[in-house]
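Survey of secondary and tertiary structure
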Amino acid sequence: MCELLGMSANVPTDIRFSFAGLARRGGGAGPHRDGWGIAFYEGRSARAFHDPEPAASSDIARFVGSHPIKSRTVIAHIRQANRGRVTLANTHPFSRELWGRVWTFAHNGQLRGVKALPLDFYGPVGTTDSEHAFCWMLDQLRMRFESLPPPPQLDREILQLSTKLARLGVFNMLLSDSRSLYAFCGKRLACLTRRAPFGEATLIDEDRKVNFAEETGPNDCVTVVATGPLTSDESWTAIKPGTLLALREGQVAATLFIEPPGGEKPARAKRTVPC
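Throughout, a residue's number is its position along its own chain's written sequence, starting from 1. Given that the model is predicted, a residue must reach a pLDDT of at least 70 before its local features are reported, and side-chain atom pairs must reach 80 or more before they are shown or counted; all residues, however, enter totals for whole chains, interfaces and linings. With hydrogens and water excluded, all non-hydrogen atoms of the structure serve as input to the side-chain values.

What counts as a ring pair is set by centres within 6.5 Å for rings of Phe, Tyr and Trp (its six-membered ring), and what kind of pair is set by the plane angle: stacked under 30 degrees, edge-to-face over 60, tilted for all other angles. Scanning the model with the defined rule gives 10 aromatic pairs in all. With 5.7 Å between their ring centres and 55° between their planes, Phe19 and Trp36 make a pair best called tilted. You can see Phe19 sitting in helix 1 (residues 16-24) and its partner Trp36 sitting in strand 2 (residues 36-42), a full 17 residues away along the chain. For the pair Phe19 and Trp36, a shared accessibility class is recorded, and that class is buried. A cation over a ring is seen here: Arg142 above Phe121, with NZ or CZ 3.6 Å from the ring centre. Where helices and strands are cited, they refer to DSSP runs of H or I of at least four residues and of E of at least two residues respectively, numbered from the N terminus. Working definition: with a 1.4 Å probe on protein chains only, accessible area under 20% of the residue-type maximum means buried, over 50% means exposed, and in between means partly exposed. We count a charge as sitting over a ring when the NZ of a lysine or the CZ of an arginine lies within 6 Å of the ring centre and within 35 degrees of the ring normal.

Structure (structure tokens):
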């Protein structure tokens, strides 16, 4: 299984601390040695770095980790290959344009039969089930809406599409259109919101500590989503499987899920501040 890392912030924020913890798991403290990638949003576009080498020993990862690239929205991924060869084309996150915005997607899990889903406008470059799922999602959104819909409407559609893909296997996902960061938990995701008063944090997989009170302003708000907790001394919250979080400006703007029992009933949205 791969591992995910996402960040939403209300001000441009340096993610090097969290990325160091994730990269250490990419062939160092963890088995995810089959490539990695990270995308930093700047307005409607994103600056992306990819490498099929293990993140723990990648020169490109060291470059990213030594440069304070600040962003309000970040998606990162380390890969343990199960579908598709270890190549640059198969490294996440994947990106495409829709409605004049760069969309970025990363996934972990396996989706049985996903390549039977028909594609129209978008097509994969690599051979992963993940990229096919991403292209299918964007095709569905492009057919459903002529232009970018209001956030609540788009939130509900992303939930419906994510739920359909989750029926094919394990679907843990991060997706962004630059305006929102979506995190869907199919099996395992955790989140953490940092706001004043800020304190210290220590990485689990590396001997590294930071005092966020020295790095942030009093009005800063940052939410981090990861496959599993990255720090040992902060209160991470496990996201319930089947839940979609819509993050905007560093906070969880909406928590959405399909209500049981059975069938696709209308999505419920709950406004919340912390994750």
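Now that the structure has been shown, the text picks up again.
Below, the discussion takes up the sheet that holds strand 1 (residues 3-14). As a general point, the strands of a sheet are linked pairwise by backbone hydrogen bonds and lie either parallel or antiparallel. Overall, antiparallel pairing links the 7 strands, which are arranged 3-2-4-1-12-9-13 in an open sheet. Each of the sheet's edge strands pairs with one partner strand only, and the pair in question is strand 3 (45-51) and strand 13 (237-238). One bridge is not enough; two strands pair if DSSP finds at least two bridges between them. Pairing between strand 2 and strand 3: 7 bridges, direction antiparallel. By the bridge assignment for strand 3, Ile38 is matched with Phe49. The sheet contacts of helix 1 involve strand 1, strand 2, strand 4 (70-78), strand 9 (190-195) and strand 12 (221-226), and relative to strand 1 the element is tilted by about 170°. Residues count as neighbours in contact if any of their non-hydrogen atoms are within 4.5 Å of one another. Every angle, taken between N-to-C directions, lies between 0 and 180 degrees, and every axis is a line fitted to C-alpha atoms, over only the stretch in contact when it is a helix.

The next subject is the side chain of Asp220. For Asp220, the position within the fold is in the loop between strand 11 (209-211) and strand 12. None of His or the chain ends enter the tally, which takes Lys and Arg as positive and Asp and Glu as negative. The salt bridge criterion pairs a side-chain nitrogen of Lys or Arg with a carboxyl oxygen of Asp or Glu, the two atoms within 4 Å. As a buried residue without a salt bridge, Asp220 has its nearest oppositely charged side chain in Lys70, at a separation of 7.9 Å. The definition of a polar contact used here is a pair of N or O atoms within 3.5 Å, where within protein one atom must be able to donate a hydrogen and the other to accept one, and adjacent residues in sequence count solely through side-chain atom pairs. Reaching out from Asp220, the side chain makes a polar contact with the backbone nitrogen of Gly217 at a distance of 2.8 Å. Non-local contacts of Asp220, meaning those with residues more than four positions away in its chain, are made with Asn10, Val11, Arg194, Arg195, Ala196 and Phe198.

Looking now at the pairing of strand 5 (residues 94-98). Of the two faces of strand 5, the one holding Phe94, Arg96 and Leu98 is buried and the one holding Ser95 and Glu97 is not buried anywhere. The sheet contact formed by strand 5 and strand 6 (residues 101-108) spans 5 bridges and is antiparallel. Within the sheet, the bridge partner assigned to Glu97 lies in strand 6 and is Val102.

Enumeration over the complete set of coordinates arrives at 10 salt bridges. We note a salt bridge from Arg16 to Asp14, for which the minimum N-O separation is 2.8 Å. Residue classification places Asp14 among the partly exposed positions, given a relative accessible area of 27%.

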